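Residue strings, one per chain:
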Amino acid sequence: MAGNSQRRGATTKGKGRTAGSGGRVRRGLEGKGPTPKAEDRPYHKAYKAKQAAARRASGRQQRPGQGGKGRPGSGPEWVAGRNPVLEALHAGLPVKTAYIADGAERDDRLRDILKFAAEHTIPMVQVHRFELDRLTGGALHQGVALQLPAFEYAHPDDVLADAIDDEDSEALVVFLDQITDPRNLGAVIRSAAAFGAHGVVIPERRSAGMTAAAWKTSAGAAARIPVAMATNLNRALESYAKAGFTIVGLAGEGDVDVAGIPGVDGPLVVVIGSEGEGLSRLVREHCDHLVSIPINSDVESLNASVAASIALYEINRCR
């Protein structure tokens, strides 16, 4: 028994424990196993395509605020009131469902809403007025409201890939820094689409989202150009810079005139800051050039969306 005990403990008199191979030799003889699938190899394009699909799915499933909570534009939104509803319908906003309260007084506006919904096969649900009060959060709905679907933001990496892969035009992407007015966001999206940009990137925090107001101001352009949400705007800028993009920021004190933007013939990112605070410090540090738009000295600054339109027009003209 003593001998068996000694073998189990692997000790001898005057010596410490003797270490075994721990199975390393056996495992080394077993080989590395079957070759991984293409989609599981990090440097294969099938792997990259799988990762991009996973990011898009994650963005749809885990967007902050889904279900009506969180930042504006990240979840379903309501348009309430007869005039706002009618304007939203004619503006081409995406509509998930139209709601009509029981016993709502029929006037010309409501008849126009019902006619439009019927002609465009928009789903309609009739509910009790108290239920519509609850759904719209107590808004003055006048017996009618629209539910818009949650906006599906793109991923900045997907916009980057699409811009680089476009063989018909030079890559152009617009970044927004601290633009908190949804109407400004919508106007920039409209200009970006008009002047051939491949997408608009906004930060997850301190930014307007794709609300009904942004949709309406974009005049439907938000359905034609991807709007991406970056968890960290500065990291996204770094990714674009590594991919060969020239980063230019609009700033009133910039030393480069908008008519002579360096790198305009190559991949370009245009960063637009808020009308009040302009570009944040870290975003400025990530810019290769700060570009200014000459204006009358009596005017303090331009509206952010107006400045974006001028810069995008000038880039398009130079190209």
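Per chain, residue numbering runs from 1 following the sequence as it is written. The model is predicted, so local features are restricted to residues of pLDDT at least 70 and side-chain atom pairs to those at 80 or more, both for listing and for counting; the totals for chains, interfaces and linings are taken over all residues. Side-chain metrics rest on all non-hydrogen atoms present in the structure, leaving aside hydrogens and water.

1. Things to note about the sheet that holds strand 8 (residues 246–250)
Part 1 of the reasoning: Spatial strand order, 7-6-5-10-8-11-9: seven strands in an open sheet with parallel pairing. Lying at the two open borders of the sheet, with one neighbouring strand each, are strand 7 (227–230) and strand 9 (256–257).
Part 2 of the reasoning: Working rule for contacts: check all heavy atoms of both residues, and any pair within 4.5 Å makes them a contact. For helices, the fitted axis covers only the stretch in contact; all axes are lines through C-alpha atoms, and the angles between them, taken along N-to-C directions, range from 0 to 180 degrees. Every helix listed is a DSSP run of H or I at least four residues long, and every strand listed is a run of E at least two residues long, numbered separately from the N terminus. The sheet strands contacting helix 7 (residues 156–165) are strand 5 (172–177), strand 6 (199–203) and strand 7, and the helix crosses strand 7 at an angle near 130°. Paired strands, in this sense, are two strands between which DSSP finds at least two bridges.

2. So, the sheet that holds strand 2 (residues 97–101)
Part 1 of the reasoning: Within the open sheet, the four strands sit side by side as 1-4-2-3. Their pairing is mixed. With partners counted over all chains shown, the strands left at the sheet margins are strand 1 (77–80) and strand 3 (124–127), one partner each. Going across the sheet, the axis of each strand differs from the next one's by a mean of 25°, ignoring polarity.
Part 2 of the reasoning: Where strand 1 and strand 4 (residues 144–148) come together, four bridges link them in antiparallel fashion. In the strand pairing of strand 4, Trp78 is matched with Gln147.
Part 3 of the reasoning: Contacts between helix 4 (residues 82–90) and the sheet are confined to strand 1 and strand 4, with strand 4 contributing the most and set at about 45° to the helix.

3. Some words on the packing of helix 8 (residues 182–194) against helix 12 (residues 304–318)
Part 1 of the reasoning: At a closest axis distance of 8 Å, the pairing of helix 8 and helix 12 adopts a crossing angle of 10°. The orientation of helix 8 with respect to helix 12, classified from their angle, is roughly parallel. Contacts from Asn184, Ala187, Val188, Ser191 and Ala192 of helix 8 reach helix 12 at Ala304, Ser305, Ala308, Ser309 and Leu312.
Part 2 of the reasoning: When residue character is reported, Ala, Val, Leu, Ile, Met, Phe, Trp, Tyr, Cys and Pro are called nonpolar, Asp, Glu, Lys and Arg charged, and the others, Gly included, polar. Looking at the contact of helix 8 with helix 12, its residues break down into six nonpolar, four polar and no charged. Comment on the angle field: the value is read as roughly parallel under 35 degrees, roughly antiparallel over 145, roughly perpendicular from 65 to 115, and oblique elsewhere.

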